[in-house]
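Breakdown of the fold
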Amino acid sequence: MFDLYSIKDPSFVKTLSIKELKILADEIREFLIENVSKTGGHLSSNLGIVEITIAMYYVFDPEEYDFLFDVGHQSYVHKILTGRAKEFVNLRKYGGMSGFISREESKYDVWESGHSSTTISAASGMMIADKEKRPVVVIGDSSINNGIAFEGINFLGQYRNMRPIIILNDNKMGISKSVGSLTKSFLRLRSFKFVRKAKSFMQKVFPNFLVSFFHQVKRSIKGFIQRDNIFEDLGFDYYGPYYGNRIDTLIKLLKRIKENKDPVIVHLLTKKGMGYEPSEKDEKGTYHGVPPFDVKTGKPLNKHEGEISYSKGVSNYLIEKKKEHDFYVITPAMMSGTNLDEFASLYPKNIFDVGIAEEHATVMSAGIALKNKDVVLLMYSTFAQRAYDEILNDIARSNLKVIIGIDRAGIVGGDGVTHQGIYDVAMFSAMPNIVVTMPRNMQEAIGLFNLAFNTPHPFVIRYPRLYVKEETYDYSYVSEMKWDILKEGKNKIAIGYGEDITRINNLVNTNNLDIMVVDAKIIKPLDIITLDYLFKTNMDMIIFEQLVASGTLYHQILEYKEKNNYQNKIFKHSFDSEVKIPHGSLDDIFNHFDLSDDDLLKELNK
C-alpha cells in the first residue's frame, strides 16, 4: 500500500487513518527485516520501536519539537519516515547511510547519540538555549540505567518551566537482557496488569479530558492504586506503563501528554524484535546487532566456518583459566558482545554484568582487586573512554591488579565514527603503573592474559573485531615482557603490533624485502633493551599503528630518541588527530585510509 521509497518528509503520517497507520507499521517491519538481512545492522530494537516513532510524528511536528533518540541505533524507523528508505541499501557501508543518528544526513537528526544515556542531558541544554522548542526524548535499550541519564533527570526535575517529554521505551533488554535493581523497579511498575488494562481501556473509551482527570486523581491517591515510583519522586509527571506497540493507544496518550505543562515521563512497554519470530524469542541479544542473515532461518550468511572471533577466543581462554585459577569477570552490558554467555553458564557466581554502567564496572573491579582477588574487566574500546577518570584514579593511580580486556580495538567497521577503537592507547599511555599490550594473533593473546595474571599491576590487553582460524591453542603459554623481532633486515625497521604487524611481516616475507620487523606487543612500558638495540642499527624506523597519532607508541619512541640523542629517522603510519573514521567495511576503510596491503607495501618500499 505504501511506497516507502517515495517518502520525502514525515508530514504524510498526519493524513493517515488509524487503520492505515497500522498497515504502515507492518510494512515498515517487513522493510526492515528484508533490508537489514542484506546489509546487517541493528534489527530487534528497531522492530520494537515502530509504533512509537510513527505516533511521535503523528502527534508532534518536528518543526516545533526536537526528537532525540537514545541510543541512536534505534532510529531506523525515524530514518524511513524522514525520507531515507532508499538509502538502506547502503546502510553502514562506506559512503552510505549511518546506522546511528547523523547530523550530516538530515535536519531531522538532532543529537548524535552513538553512545548511550546522553539525550536527557542534551535536552536540558537545548531547553536552556531554546525555550521555543520542546524536546521529545526516546530513551531505550536500558540506556535509562546509566548514571548520566539519571543526572539529567535529577537536574530537570527541579525546574517546572522546563517541559521535556521523555519516552521510556522499556523492552526489558539492553544489548542483551537488562540487569540490576532499576530493572526490578521497572518490573514492579510493569507488573500491575489490571492497572495497565484499565489505562488502555480508558484511553480507548473516554475522551481526553476525562482521562486527564483520572490521571490527576491517580496522582493524588497513587498510594491506593499504584506504588510510588522514582520518576514522580524526582518531579516528573509519570504516565504508564502503557503498551507501546498499539498505535491507537499511543496516539491518544501522546496527544494528552502534548497538552501537559509539566516535565513528563511516559513509560511504554514494547516487544524488542516484534514482527520477526527469531528476534522476538531472543533473550541473549543475538539479534540486537546482526550480520547479513537468511530471513527464513534467521541464521547469519557469513558463518565463519573454522574461525572464531577474538572475543570468543578470549572467552574460551577464560573458561580454561577458571578451571585452575579463581577470578571474577565484570562486563558493562556486553555479555553477548564479548561472548561471555558460556562462561556465565559455567561460573555464574564469578561473573557480573552490571548493565550500561562502565564507570561502576571499573570502580567495582578496583574494589575486588583491593581485596587481593583477581578480576578481569571486559569492555569495548569505545566504551572504555566513558570510564577514563575511574581507570586513571581508581585503578592506575592506585596500582591495583585489574586485567582490562579491550575488545573492538582499532577499526570496527559498520558501527562507524562513534565506535572506532582508535583512542584508547593514548588514554592508557597517560596513566601511571599500567601495562598496555596488543597481541598479533590469538595464541599471543592467551600468552598476554597469562602474563597479566602473573603481573601485580593494571594490565590492558587490546584485541580487534576480527575472526581468526580456530586452532588448538596452548593455554599454558605465557608471553614475555618484551618485543619480538619477527624478521631481521638491513634497510629499515618496521615496528607495530596486533594483526597489522602480522600483515606487515607477511608482506615483507612475500616480497623478499630486507626489512627488520618488530612486534611491539608491549606498547607501554617501552622495551628499552630491544629499543636500544634497534636504535644502534642506525636504520630508519617506521611505526605502524591503527590509532590516532597522539600519545601513542610513536610518540613514546620519539621521546626516547630525543632523550638519548639517537639520530635515526622515525616515521609514523597512523591517523591524524582531526580525522573522523566513518562506517564501512574494513576493506573500504583500509583502502581509503592507506591501510590496505598495497598501501602498507608502498610505505615499506619508500
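Structure: see above.
Scope of this entry: the structure provided in the associated data block.

Scoring rules and cut-offs
Residues numbered from 1 in each chain as written. Predicted model: local features only at pLDDT ≥ 70, side-chain atom pairs only at ≥ 80, totals over all residues. Heavy atoms only, no water. Core = buried A, V, L, I, M, F, W, Y, C linked by side-chain atoms within 4.5 Å. Buried < 20%, exposed > 50% of the residue type's maximum accessible area, 1.4 Å probe, protein only. Helix = DSSP H or I, 4+ residues; strand = E, 2+ residues; numbered from the N terminus. Contact = heavy atoms within 4.5 Å. Phe/Tyr/Trp six-rings, centres within 6.5 Å; stacked < 30°, edge-to-face > 60°. Pairing = 2+ DSSP bridges. Axes fitted to C-alpha atoms, helices over the stretch in contact; angles between N-to-C directions. Arc of directions from axis to C-beta. Polar contact = N/O pair within 3.5 Å; in protein donor to acceptor, adjacent residues only side chain to side chain. Expected span 1.5 Å × (residues − 1). Salt bridge = Lys/Arg side-chain N within 4 Å of Asp/Glu carboxyl O.

Description of the nonpolar core
Of all hydrophobic cores here, the largest spans 85 residues; its most connected members are Leu 318, Trp 483, Ile 495, Leu 553 and Ile 557. Among the elements that take part in this core, helix α20 (residues 442-453) stands out by supplying 8 residues, more than any other. Excluding anything up to four places from it in sequence, Ile 495 contacts Ile 501, Val 518, Ala 520, Leu 534, Met 541, Ile 542, Ile 543, Phe 544, Leu 553 and Ile 557. Listed in part, the 57 residues of the second largest apolar core include Ala 25, Leu 43, Phe 67 and Ala 85.

Here we look at the packing of aromatic side chains
With the rule as written, the count across this model stands at 20 aromatic pairs. Aromatic side chains Phe 231 and Tyr 238 sit 6.0 Å apart centroid to centroid with 15° between the ring planes, which places their arrangement in the stacked category. Consider the rings of Phe 327 and Phe 343, whose centres lie 6.0 Å apart with planes at 35°: the pair is tilted. Of this pair, Phe 327 sits in the loop between α14 (310-322) and β9 (328-331) while Phe 343 is found in helix α15 (residues 341-346), placing the two residues 16 residues apart along the sequence. For the pair Phe 327 and Phe 343, one class covers both residues: buried. Through pairs of rings, three or more aromatic residues link up here, namely Tyr 5, Phe 31, Tyr 76 and Phe 88.

Some thoughts on the sheet that holds β9
Each strand in a sheet pairs with another by means of backbone hydrogen bonds, the pair being arranged parallel or else antiparallel. In spatial order, the strands read β10-β9-β11-β12-β14-β13-β19; together these 7 strands make up an open sheet with mixed pairing. Since the sheet does not close on itself, it has two edges, and those belong to β10 (351-353) and β19 (522-524), each with one partner. Strand after strand, the sheet turns through a mean of 20° between neighbouring axes, direction not considered. In this structure, strand β12 (residues 403-407) lies alongside strand β14 (residues 459-462), joined through 4 bridges in parallel fashion. Counted as the bridge partner of Ile 406 is Arg 462 from β14.

Some points on helix α6 (residues 147-156)
Three or four residues apart is the spacing at which side chains of an α-helix point the same way, because the helix has 3.6 residues per turn. Taken together, the buried positions of α6 are occupied by Ala 149, Phe 150, Gly 152, Ile 153 and Leu 156. In a view along the axis of α6, the buried residues occupy a sector of 155°, so they form one face of it. Opposite the buried face of α6, at more than 90 degrees from it, the exposed residues are Glu 151 and Asn 154. The distance from a side-chain oxygen at the start of α6 to the backbone nitrogen of Ile 148 is 2.9 Å, and the residue carrying that oxygen is Asn 146.

A short note on the sheet that holds strand β3 (residues 134-140)
If you trace the 5 strands from one edge of the open sheet to the other, you get β2-β3-β4-β6-β5, paired in parallel fashion. Each edge of the open sheet is held by one strand with a lone partner, namely β2 (65-70) and β5 (237-243). In this sheet, neighbouring strand axes are inclined to one another by 15° on average, regardless of whether the strands run parallel or antiparallel. Against the sheet, helix α5 (residues 119-129) makes contact with β2, β3 and β4 (165-170), and its axis sits at roughly 160° relative to β2, the strand it touches most.

Regarding the side chain of Thr 119
With respect to the helices, strands and loops of the structure, Thr 119 is situated in helix α5. Those residues in contact with Thr 119 that lie beyond four places of it in its chain are Leu 68, Phe 69, Asp 70, Trp 111, Ser 113 and Val 137.

Let's talk about α14
End to end, α14 covers 18 Å across 13 residues, agreeing with the expected 18 Å (1.5 Å per residue, within 8%). Most of α14 sits out of view: 11 of its 13 residues are buried.

Quick look at the environment of Ile 257
As for its position among the elements, Ile 257 is in helix α12 (residues 247-259). The class of Ile 257 is buried, set by a relative accessible area of 0%. Ile 257 sits 273 residues away from Thr 530 along the chain, and the two C-alpha atoms are 67 Å apart. Setting aside residues up to four positions removed in sequence, Ile 257 forms contacts with Arg 134, Ile 165, Tyr 239, Val 264 and Val 266.

Details of unusual backbone geometry
Residue Val 71 is reached from Asp 70 by a cis peptide bond, and omega for that bond is 5°. Checked against the element boundaries, Val 71 lands in the loop between β2 and α4 (76-84). Cis peptide bonds are those with omega within 30 degrees of zero, and the linkage from Lys 524 to Pro 525 qualifies with 5°. Residue position: Pro 525 is located in the loop between β19 and α22 (528-535). Residues other than glycine seldom take positive phi values, yet Arg 92 does so here, at roughly 65°.

Topic: the environment of Glu 358
Summarising the element assignment, Glu 358 is placed in helix α16 (residues 358-370). Residues Glu 358 and Asn 511, 153 residues apart in the sequence, show an inter-C-alpha distance of 45 Å. In this structure Glu 358 touches Asn 146, Pro 332, Met 334, Met 379, Phe 383, Arg 386 and Ala 387, once residues within four positions along its chain are discounted. Of the polar contacts made by the side chain of Glu 358, one reaches the side chain of Arg 386; its length is 3.1 Å.

Side note on the pattern of salt bridges
Counted according to the given criterion, the structure contains 29 salt bridges. The partner of Asp 484 in a salt bridge is Arg 440, with the nearest N and O atoms 3.0 Å apart. Pair noted here: Asp 484 is in strand β16 (residues 484-487) and Arg 440 is in the loop between β13 (435-437) and α20, with a separation of 44 residues, a long-range link. By relative accessible area, which is 16% here, Asp 484 ends up buried.

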